[in-house]
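Chains, contacts and geometry: an overview
Each chain, letter by letter, is given below.
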Amino acid sequence: MPSFSELKHVSILPIVDLDRIGPPIDGTTHSAPGCCAKFYSRSAKCYDHYSALKASKHDNELVQCPYGFASYKLTLGATTVGMTGFVPYPRIGGANERQRAKDYPHNKIVRTALGRINTALKHFDEKFREIEKTLIERYATALHEIRKLNRVVKQQAERICRKESPEKPDQANKSVVRIWKSAELMSQQFEIVEVMANEELANLPLNDTFSVYRMFDKVVRIYKSLHPKRLSIEATGLDNHDIRACDKTFPIIATVLVENALRYGLVDTMVTVNVHSNSQQVEVSVRNYALSTKKLDDSVFKRGFRGPSDKEGSGNGLYVAQLVAKQHNTKITISTSAPTSGKVVHSFEVVFPLAKRT
């Protein structure tokens, strides 16, 4: 789906990225008023206006900015933008609006035209999604042969490690162990792509019983071979960590949460996984350190969401993990600690109901 960087090239009106708030950017036919950048840098009023716009539960609802222009929120898939920098007719009212209309006559917009603008952007979003879906389906098909080759690599590497070190295959030749574990990670990435191409897989029945701790421990061990000093896992509470799960999709949750924490956490900081069990449920938390400027919210679970980061990523891992969590009658949540020494702790948490014993 289109990101802000794509949408800004097709928006007629001045536009603001509500996930990375800044001064309005020129639209294709209506430029951002020159005073907007000055007003934005003068005080926090503009930032607060756009923050309130993002928090609004209603799209397409006209609100007036502190200096008289009109704005409204528009959500397109995972992208939330603010259309702004114009004076509507009929007007909202007020002296500031009258002054802006006088200063910027080319930025007057008849309200009925706003609907056509929104329709055009939503049509662009739909076409973009269709293209994306087609590409993902083609990738999934093309990856079939690669998956088979990767399976051979994984099996051969594991066989060598077990032959060299039967009791502790993870401590065999480091290069071969790295190949083995990397191939295992590739297998999990293929599963994520497959769910993206066919979301119906996230509706499969919970056909088996799994230990949540063992699954996360397996993923941690795999990633530890690539990041030996950055991961730790512990189990607390009761010994029972068994839940009903789907054997095809359940491992995706552990893979995505651990990989996400490693990728977006500060270099050389720890990622900690805790699996806590009581008489009714199993609670998992995956925590990593980040700069205090990088705050996260539920937007990270939207399809195609890519937050403010210089790291590569499709923006779909957490979306898929949330789909799989829903399949398992639960939900992944995100929380951010108060800043300390310029750092915050991001905590992804998920709670699974314990399997009923027969």
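Residues numbered from 1 in each chain as written. Predicted model: local features only at pLDDT ≥ 70, side-chain atom pairs only at ≥ 80, totals over all residues. Heavy atoms only, no water.

Glancing now at the sheet that holds strand β9 (residues 271-277). Strands sit in the order β7-β9-β10-β12-β11 across an open sheet of 5 strands; the sheet is mixed. Looking at the sheet topology across the chains shown, the edges are occupied by β7 (231-237) and β11 (332-336). Averaged over all adjacent pairs, the angle separating strand axes in this sheet is 20 degrees, with direction ignored. One ladder, built from 7 bridges, connects β7 with β9; its direction is parallel. Within β9, the residue paired with isoleucine 233 across the bridge is valine 273. (Pairing = 2+ DSSP bridges. Helix = DSSP H or I, 4+ residues; strand = E, 2+ residues; numbered from the N terminus. Axes fitted to C-alpha atoms, helices over the stretch in contact; angles between N-to-C directions.)

Across the interface, helix α7 (residues 212-224) lies against helix α8 (residues 250-264) with an axial gap of 9 Å and an inter-helix angle of 45 degrees. Taken together, the axes of α7 and α8 lie oblique to each other. Of the two possible hands of crossing, α7 and α8 adopt the one that is right-handed. Contacts between α7 and α8 involve Val212, Met215, Phe216, Val219, Val220 and Tyr223 from the former and Phe250, Pro251, Ile253, Ala254, Thr255, Leu257, Val258, Glu259 and Leu262 from the latter. For the contact of α7 with α8, the class distribution of residues is 13 nonpolar, 1 polar and 1 charged. (Parallel < 35°, antiparallel > 145°, perpendicular 65-115°, else oblique. Left-handed = near helix turned anticlockwise from the far one by under 90°. Contact = heavy atoms within 4.5 Å. Nonpolar A, V, L, I, M, F, W, Y, C, P; charged D, E, K, R; others polar.)

Looking now at the packing of aromatic side chains. Throughout the structure, instances matching the rule amount to 6 aromatic pairs. Where phenylalanine 39 meets tyrosine 67, the ring centres are 3.9 Å apart and the plane angle is 5 degrees; that geometry is what we call stacked. Separated by 28 residues along the polypeptide, phenylalanine 39 in helix α2 (residues 34-42) and tyrosine 67 in the loop between β2 (63-64) and β3 (70-76) bring together distant segments of the chain. Pair check on accessibility: phenylalanine 39 and tyrosine 67 agree, each one buried. Following the ring pairs from residue to residue traces out a cluster consisting of Phe210, Phe250 and Phe352. (Phe/Tyr/Trp six-rings, centres within 6.5 Å; stacked < 30°, edge-to-face > 60°. Buried < 20%, exposed > 50% of the residue type's maximum accessible area, 1.4 Å probe, protein only.)

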